[in-house]
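Summary of structural features
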Amino acid sequence: MTAINASIGFDRRLWRQDLMGSRAHAEMLAAQNIISADDAGAILKGLDQIEGEIEQGTFAFKTALEDIHMNIEARLSELIGEAAGRLHTARSRNDQVATDLRLYVRDAIDTLDGALLGFQKALLKKASAHAGTIMPGFTHLQTAQPVTFGHHLLAYVEMTARDRGRFADARARLNESPLGAAALAGTSFPVDRTLTAEALGFTGPTRNSLDSVSARDFALETLSAAAICATHLSRLAEEIVLWASAHFNFVTLSDGFSTGSSIMPQKRNPDAAELVRAKAGRIIGALMALLVIMKGLPLAYSKDMQEDKEPLFDALDTLGLAIAAMTGMIEDLGVNEAAMGAAAAEGYATATDLADWLVRELGLPFRDAHHLTGRIVALASGRGAALEDLPLDALQEIEPRITEKVFSVLSVEASAASRTSFGGTAPEEVEKQIAWWTARLG
Ligand code: ARG
C-alpha cells in the first residue's frame, strides 16, 4: 500500500509552493480569528525553519508520510507541537494540492516563456546575419523556389510566438485560487478566500468548490501548449539533421552540439537535434497520459489525480531542456552559404519566375505560361543545363516572343529579391520583419 500510495518521491518538488500556500492560509486563519495570532506566529516560524531545512538538504522526507503535504505538516508538529495541528483547519489536501500545482505550473510557464524568448532572440540574430543568404525552399522536400535562410528562421520565430501565446493563455486561465474549497464542499469556517488568493498572486478565488478540487484542465492546457511547442522544435531539429548531412551540407554543427562516433572517426553526429526531435514524443505522451487519467473521472477528487504529476513534471522539464538545446544549436550553427546557394540553383527553382515573366511581359494566362515553362524545363533538363544557361534561340523555339530580358529573372538572387510581398522572402522584406520582431522582443 505504501509503495502504490506514496507520492513523496515526485511531489517533493512542490515544497516551495506548499509552504507558500500554508503561509497564506495560516495568515488568513489568524486574520479571520479562526486561529490565534500566537498560533499563526508559531506556524509561520516553523514553516521558515522547514524552508531552511529543505534548502540545506537536511529535511528528512519520509515515504511513510505519503506526500509533501503530510511530510511538511508532520515536521511542523515536531517543531512547534500542538499549534501545527491548527494549520489544517478549513483546508484539505484536495484544495492544497490543487493550489500547489497551479502555483507550480504558473512558475514553470514563466520559466519556459523566458527560455522561448531567448530562443526567439537566437533565431532572430541568425536570421539577421542571413537575411540575404539564398537557399532552396522546399515543398514535399523537393526544391520549390529560392528563399532566404533568414526568412526560413523567421518562420520559427513566428511559431514560437504562438507557442508563447498558448502558454500565456493557459497561465491566465489557471491563475485562480482553489484554496478554501477544502475537501470538496467548501467549509463552515469563515474563511476569506479572496485574501489567500491575493496573497498567492491569483486573480481571485475559483467559484465552485467541486470544480476547484477536481479540475486539472489547467495542466492539460499547459501540456497541450508544451506538446505543440515540442512539435515545432522537432521540425527544426529534423531540418538541422537533414541540413547537417553530407548530402545537404547546408550547416555545420559546433563541436559543442555534436558527437563523434565510437567507430567511425569522420562522424559528427547531430545527437542533440535528434534528441530534441525524439523528446517531442515524450511530451506528447505526457499529454495523452493525463487526458486518459482524467477521462471519465467522476467529481470531485479521486486519487487517480495524483498520477497527474509525473508526466506533467517530466514534460515541463523536458521541454525546458529541448528549448535550451535548440537555442544553443542555433547560436552555434555554422551556415555554408555556398552550398545553400548552389543547391538553390539546382532543380529549376526559378521556373515559377519564368512563368510569371511570361504572364507579366507577354500577357499570357498563367496556365499557358505554366505549360510553356514546363516545356522549357524539360528542354533544359534534357541538355543537363540550368534555365539561365539555355540560349535565347532555344527559348524562342518554344515561345518566339521571349526576349533576352527574361534572363534577368532566372537567377536565384533575382527570384528571391522579387518576392517583396508582405511576409515574402525578399531580403528587403526579411529585414523589415526582423526589425518588427527586434522592436517587440528587445
Ligand atoms: N498526494 C495527493 C495528490 O497528489 C494529495 C491529495 C490527497 N488527497 C486525498 N484525499 N487523499 O493527489
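Here is a short report on the structure shown in this document. (Residues numbered from 1 in each chain as written. Predicted model: local features only at pLDDT ≥ 70, side-chain atom pairs only at ≥ 80, totals over all residues. Heavy atoms only, no water.)

1. Notes on the environment of Ala414
Relative to the assigned elements, Ala414 resides in helix 17 (residues 412-418). The spacing of Ala414 and Asp353 is 61 residues in sequence and 9.0 Å in space, taken between C-alpha atoms. (Helix = DSSP H or I, 4+ residues; strand = E, 2+ residues; numbered from the N terminus.)

2. Description of the packing of helix 11 (residues 271-294) against helix 12 (residues 309-332)
Relative orientation and spacing of two packed helices are given, respectively, by the angle between their axes and the distance between those axes. One way to put it is that helix 11 packs onto helix 12 with a least axis distance of 9 Å and a crossing angle of 155 degrees. Judged on the interaxial angle alone, helix 12 and helix 11 are roughly antiparallel. The handedness of the crossing between helix 11 and helix 12 is left-handed. Of the residues in helix 12, those in contact with Ala272, Ala273, Val276, Lys279, Arg282, Ile283, Ala286 and Ala289 of helix 11 are Pro311, Asp314, Ala315, Thr318, Leu319, Ala322, Ala325, Met326 and Met329. Here the contact of helix 11 with helix 12 is built from residues that sort into 13 nonpolar, one polar and three charged. (Axes fitted to C-alpha atoms, helices over the stretch in contact; angles between N-to-C directions. Parallel < 35°, antiparallel > 145°, perpendicular 65-115°, else oblique. Left-handed = near helix turned anticlockwise from the far one by under 90°. Contact = heavy atoms within 4.5 Å. Nonpolar A, V, L, I, M, F, W, Y, C, P; charged D, E, K, R; others polar.)

3. With respect to the nonpolar core
One finds Phe167, Leu236, Ile240, Leu319, Met326 and Met329 to be the most contacted residues of the largest nonpolar core, which totals 94 residues. Among the nonpolar cores identified, the runner-up in size contains 20 residues, and Leu358, Val377, Leu390 and Ile402 belong to it. (Core = buried A, V, L, I, M, F, W, Y, C linked by side-chain atoms within 4.5 Å. Buried < 20%, exposed > 50% of the residue type's maximum accessible area, 1.4 Å probe, protein only.)

4. Focus: unusual backbone geometry
Residue Ala300 is bonded to the preceding Leu299 through a cis peptide linkage, with omega at 0 degrees. Position of Ala300 among the secondary structure elements: in the loop between helix 11 and helix 12. The backbone of Ala90 shows a phi angle near 60 degrees, a positive value even though the residue is not glycine. When you line up the elements, Ala90 lands in the loop between helix 5 (68-80) and helix 6 (93-129). In this structure Ala90 comes out as buried when scored by relative accessible area, which is 8%. The residue Tyr348 is not glycine, and still its phi comes out positive at about 55 degrees. On the accessibility criterion, Tyr348 (23% relative accessible area) is partly exposed.

5. Overview of the site of the ligand
Near the ligand, the surroundings consist of Ser7, Asp11, Asp67, His69, Arg93, Asn94, Val97, Tyr301, Gln306 and Lys309. Asn94 is positioned such that a nitrogen or oxygen atom in its side chain is 2.9 Å from a nitrogen atom of the ligand. Measuring from an oxygen atom of the ligand, one finds a side-chain N or O atom of Lys309 at 2.5 Å. In isolation the ligand offers 340 Å² of accessible surface; the protein chains occlude 86% of this area. Take the shell around the ligand: its biggest share by element is three residues, from helix 6. Here the shell around the ligand is composed, by residue class, of two nonpolar, four polar and four charged. (Near = heavy atom within 4 Å. Polar contact = N/O pair within 3.5 Å; in protein donor to acceptor, adjacent residues only side chain to side chain. Areas by Shrake-Rupley, 256 points an atom, 1.4 Å probe, with all protein chains shown as cover.)

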